[in-house]
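Survey of secondary and tertiary structure
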Amino acid sequence: MARVCDHIRNADGKTIFSIEVIPPIKGDNLKNLLDNIEPLMEFKPPFIDVTYHREEYIERPEPDGTIRKIVTRKRPGTVGICSAIMHRFGVDPVPHVLCGGFTRDETEDFLIDLHYLGIDNVLVLRGDPAKPYHTFKPKTNGYSYASELVEQVANMNRGVYLHDSEHTLTPSRFCIGVAAYPEKHFEAADPDEDLNYLKLKIDKGADYVVTQMFFDNQKYFDFVDRCRKAGINVPIIPGLKPLSTRKQLQVLPSIFHLNMPEDLVRAVEACENDTQAREVGIEWSVQQCRELMKAGVPVLHFYTMGKSDNIRKIAEQVF
Ligand code: FAD
């Protein structure tokens, strides 16, 4: 199977279509997810990202009045889904790999599983704080920042695994993606500091960048300019999410820390229902895609969030 960077190189300047999918809620089956991907195969995504969802904590009152803290996973199954995508569609999966919830040794085991499965791509992320907490805490012997995890993967690519070994170790060949935020990561003090830490991820071995969603292309263009000036020369893939409900006007900015352009806000506020809002979202995204393609972006990467009909309508118009 091929690496994301090879797909970009082989496209020879033509913009590629790709998507990100989310594992089903625990207990659901995979059919819906695969059925959602199927109609998008017409647009030949060479790779599909699969998110990873760390543990959450639920506090349950006990009969004796005490509170029991229960660890739960809402969306397990990232590796299995990657394998299913690879075999069903012949597409390269890109599993997301998190710092949060993992020790370095657990991460190494995870990466070895991917390597054995022939999965040669990872998107390396720190992850958010485990819900309901608000600050990120690494597991003991885990990592605080994505750059540290990038270094571990890059070491494996050189045949350097954790702990010394007398054996000759097989190098992995992971293409390493990392996240970036055109409108700044919410925890960063300022955009320059955020950019310096992005540069650190590249210097440690990341091969490409995927951005957080944005609705104003100028934010992406300005961000790419700043990256190039800072010496970040790897591909910067724009992440796109078509707005699909009226509520998302408030929900997306509050979850993902981004701004909605005035024109989009006005257009969605004028909608009488979510069907109309979905159409406005499609039209907005089509305009975004056309402008981004004209600017020569390597990939248009869509966050499906469990639904693909609107993304299909967009892809029909732009690819
Ligand atoms: P980092 O690069 O580690 O940065 C986190 C913060 O720390 C930033 O503010 C940065 O400026 C700062 N920082 C970085 N290095 C240092 C340092 N050395 N010293 C001090 N400060 C530093 N979350 C999931 O749980 N699962 C997913 O599958 C997932 N997929 C995602 C896909 C994309 C494309 C994007 C954009 C985000 C995704 N996320 C996912 C969310 C992501 O985990 C969060 O945004 C998280 O808060 C930050 O992750 P990061 O890898 O950007 O962190």
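Remember, it's a predicted structure, so these values are computed and weren't measured experimentally.

Quick notes on the sheet that holds strand E2 (residues 47-50)
With parallel pairing, the 9 strands of this open sheet are ordered in space as E9-E8-E7-E6-E5-E2-E1-E11-E10. Of all the strands in the sheet, the pair left with one neighbour each is strand E9 (236-237) and strand E10 (239-240). Relative to E2, strand E1 (residues 16-21) runs parallel, the two sharing 3 bridges. Bridging from a neighbouring strand, Glu20 pairs with Asp49 of E2.

Some remarks on the pairing of strand E8 (residues 208-211)
The alternating pattern of E8 places Tyr208 and Val210 and Val209 and Thr211 on opposite faces, both of which are buried. Pairing of strand E7 (residues 175-180) with E8 involves 4 bridges; the strand directions are parallel. Considered in E8, the bridge of Val178 is made with Val209. In this region the chain leaves E7, passes through helix H6 (residues 191-203) and returns to the parallel neighbour E8; the handedness of that crossover is right-handed. Across 2 bridges, the pairing between E8 and E9 is parallel. Note on E9: the bridge partner recorded for Val210 is Ile237.

A short note on the side chain of Thr103
Mapped onto the secondary structure, Thr103 falls in the loop between strand E5 (92-98) and helix H4 (104-117). The class for Thr103 is buried, based on a relative accessible area of 15%. Excluding its chain neighbours within four sequence positions, the residues that come into contact with Thr103 are Lys139, Thr140, Asn141 and Gly142.

Observations regarding the packing of aromatic side chains
All chains considered together, the criterion is met by 9 aromatic pairs. Ring centres of Tyr220 and Phe221 lie 5.8 Å apart, and the angle between their planes is 65 degrees; this geometry places the pair in the edge-to-face category. A residue is classified by how much of its surface remains accessible, and Tyr220, at 5% relative accessible area, is buried. Through a chain of ring-to-ring contacts, the aromatic side chains of Phe17, Phe43, Phe302 and Phe319 assemble into a single cluster. Above the ring of Tyr57, the side-chain terminus of Lys69 is found at 4.8 Å from the ring centroid.

Some words on helix H3 (residues 78-89)
Look at H3: 16 Å from first C-alpha to last across 12 residues, which is about the 16 Å you get at 1.5 Å a residue. All of the buried residues in H3 are Thr78, Ile81, Cys82, Ser83, Ile85, Met86 and Phe89. Taken together, the buried residues of H3 touch E1, helix H2 (31-37), E2, E5 and H4. Just downstream of H3, Gly90 is the residue with a positive phi angle, here 65 degrees.

Things to note about the environment of Cys82
Note that Cys82 resides in helix H3. Along the primary structure Cys82 and Pro138 are separated by 56 residues, whereas in three dimensions their C-alpha atoms are 25 Å apart.

About the cut-offs
- Residues numbered from 1 in each chain as written.
- Predicted model: local features only at pLDDT ≥ 70, side-chain atom pairs only at ≥ 80, totals over all residues.
- Heavy atoms only, no water.
- Pairing = 2+ DSSP bridges.
- Helix = DSSP H or I, 4+ residues; strand = E, 2+ residues; numbered from the N terminus.
- Buried < 20%, exposed > 50% of the residue type's maximum accessible area, 1.4 Å probe, protein only.
- Right-handed = clockwise from strand over helix to strand, strands pointing away.
- Contact = heavy atoms within 4.5 Å.
- Phe/Tyr/Trp six-rings, centres within 6.5 Å; stacked < 30°, edge-to-face > 60°.
- Lys NZ or Arg CZ within 6 Å of the ring centre and 35° of its normal.
- Expected span 1.5 Å × (residues − 1).

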